[in-house]
Amino acid sequence: MEAPGRSDLLRKLKALGKEELEGFKDKLSEVLLERGSEPIPKTLADPAALADLLLRHCGGDSKVVLKVLEDVEARLRKASSHPQQERKPSTCTKAGDSGPKSHFTHSGDEIPPGEGGTLASAIAFMKRHLSFTGSKAEAAGKQNGKEDPTGDNWGTDKCKLCPREEDPPEEINPEIIRGPDRNQETYRVHLPGAGSFRCSETELGLEVRAAVTVQYRYGFWDQHLSVWSTPKWMIAGPLFSIQAEPAGAVAAIHLPHFLCLRGADTSRIQIAHFIEEGMTLEKPMQVRPFHAVLENPSFSLYGVVWGNRSKPPVLIHSIVLLYWALKMAKTTLHLYIIPNDHSRFKAIDDYEKKCPSRLVSTSLQTHKPLTFDSRYVVSSQANIEVTPKELEFCNIQAECLQSYMEIYTKDIQGGLEFSLVEKINKEPIWEAHVRPDEHFVNQHQEQLIQRVMAVDGILDSLYGPVLDLEQIQSIRAERSSVEKMRKLYELVSKWDNDCKDRLYQALKEKHRPLVEELEGI
């Protein structure tokens, strides 16, 4: 039986000229090599073989195929901008320059001839029209067994009390530009024509009238509006600094918020707009379950706020993040309760990765929306130590350090079960079962064996604290990277978590794209 999506993929590859097919093959080889696959042989430029190779690498998963095509497309854009040299992305688009010109068609099954950029157009077609099992929207909603912690899920349930948002837009993967300190990230998208789009990284929604380049990043609320100094207004979502070229091409922006509005007075929602003269409040054209919509934005800094005029307090869509500290003694977990705000999740994740820690795969959404200033305690039958004993659910901005509970146990061999309970009424709002076999290198053993290429570099990182010279020589004596990894895993089965943590760190250094893909980042 033919793999889903193969016929569409093959049809577009066959339509390419020889030179364009070679260009696609070269960029695909670069992307797959970076993701841990074997390099594509130089002799292989056959459409059927390339289609099969791409689908085999991605396991037929439409979301992975689309991500690979996005990466190939980005490399082609970079090469076409500067064909003689590699170019590092700049931190901004110059005024009057909308970035690389797009040759993509926005609608229709056929690509009109004579528009130029045939290869880029073919990739755009494949991204929009590949017929995999399930639709693109369904693929985006399936998290490969993991729950997307901040997914607004315009077409899926995020809150049991709130309705779904209708008319889900097309999800787009932005170009991510890192600042000099590697911390501040700027996102940039080149939208090919009129339509509704949603950023997969930030949940920012864009309605556009025509082709446009939009650049945006998270802003810092504490530089403009403090929740403590302005008690009349509560911060209700991330703050965005947005620029567009041409600005008039953007008809509306959909700003994400974390308010549960079931039965609430939505007139209390305003959009804070910060300009040189100070803050102005703008009334949204529409308030949706997870977004506030502002028409014809003039751009600068925008964020959603809530008027604290009366009680009862507004309910908050909330998630719980659980991290396993890799270098701590025995088993140490960090538990956070935060609003379902991607900017805060990202800030915590960046902080925890430096510890280093890894996100534990658990259900993230709380059983119900929470209220700020409520307090929670951990309940468990296991012998654990929890510091502090209780955690307050606070509206702490993304740019500030978030409070967390540290959970410590000496023995997790049988697994660890615990729940988060409201302090006053003892009602559980979230549960977790942490298993001893949760370690990344155990979880993804077969994928790592098949896809890790830089085995020698990983062995160098493990030499001394984990492996001795005789063990390294024995592994290097194997012929292929797969055989070397299988030999390494004969030793991994006898390692403690400290040794596995060192392997995990070596994998992140040598194969970061592969590790991030397996972690669902």
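Here, every reference points to the structure presented above.
Here the residue numbers are simple positions, counted from 1 along each chain's written sequence. pLDDT decides what is reported in this predicted model: residues at 70 or higher carry local features, side-chain atom pairs at 80 or more are listed and counted, and totals for whole chains, interfaces and linings draw on all residues regardless. Side-chain descriptors were evaluated using all non-hydrogen atoms of the structure, hydrogens and water having been removed beforehand.

Visitor: Give a description of the pattern of salt bridges that names residues and reports values.
Guide: The salt bridge definition used is simple: a Lys or Arg side-chain nitrogen within 4 Å of an Asp or Glu carboxyl oxygen. According to the stated counting rule, one finds 24 salt bridges in the structure shown. As a salt-bridge pair, Arg375 and Glu390 come within 2.9 Å of each other at their nearest N and O atoms. Of this pair, Arg375 sits in strand β20 (residues 375-379) while Glu390 sits in strand β22 (residues 390-392); the two residues are 15 residues apart in sequence, bridging distant segments of the chain. Relative accessibility decides the category of a residue: with a 1.4 Å probe and only protein chains considered, values under 20% of the type maximum give buried, values over 50% give exposed, and everything between is partly exposed. Taking the relative accessible area as the measure of exposure, Glu390 reaches 24% and is therefore partly exposed. Linked by salt bridges that have partners in common, Arg178, Glu185, Lys346 and Asp350 make up one network. Under the scheme used here, helices are H or I runs from DSSP no shorter than 4 residues and strands are E runs no shorter than 2 residues, and both carry numbers assigned from the N terminus.

Visitor: Can you lay out the packing of aromatic side chains for me, pointing to particular residues and giving the numbers?
Guide: Between two aromatic rings, the relevant description is the distance of the centres plus the angle of the planes. By convention, a stacked pair of Phe, Tyr or Trp rings (six-membered ring in the case of Trp) has centres within 6.5 Å and planes under 30 degrees apart, an edge-to-face pair has planes over 60 apart, and any other such pair is tilted. Tallied over the entire structure, the rule returns ten aromatic pairs. For the pair Phe440 and Tyr504, a centre-to-centre distance of 5.2 Å together with 65° between the ring planes defines the contact as edge-to-face. Residue Phe440 is found in helix α8 (residues 440-443), and its partner Tyr504 is found in helix α13 (residues 497-510); the two are separated by 64 residues along the sequence. Just as Phe440 is buried, Tyr504 falls in that class too. Here the aromatic cluster, defined as three or more aromatic residues joined through ring pairs, consists of Tyr187, Tyr216, Tyr218 and Phe240.

Visitor: Got a sec to walk through the pairing of strand β25 (residues 428-434)? Specific residues and values, please.
Guide: Residues in a regular strand project their side chains so that they alternate between the two faces of the sheet. Two strands form a pair only when DSSP identifies at least two bridges running between them. With six bridges joining them, strand β24 (residues 416-422) and β25 adopt antiparallel strand pairing. The partner of Glu417 across the bridge, within β25, is His433. Where β24 hands over to β25, the hairpin turn is made up of five residues, of which Lys426 adopts a positive phi near 65°.

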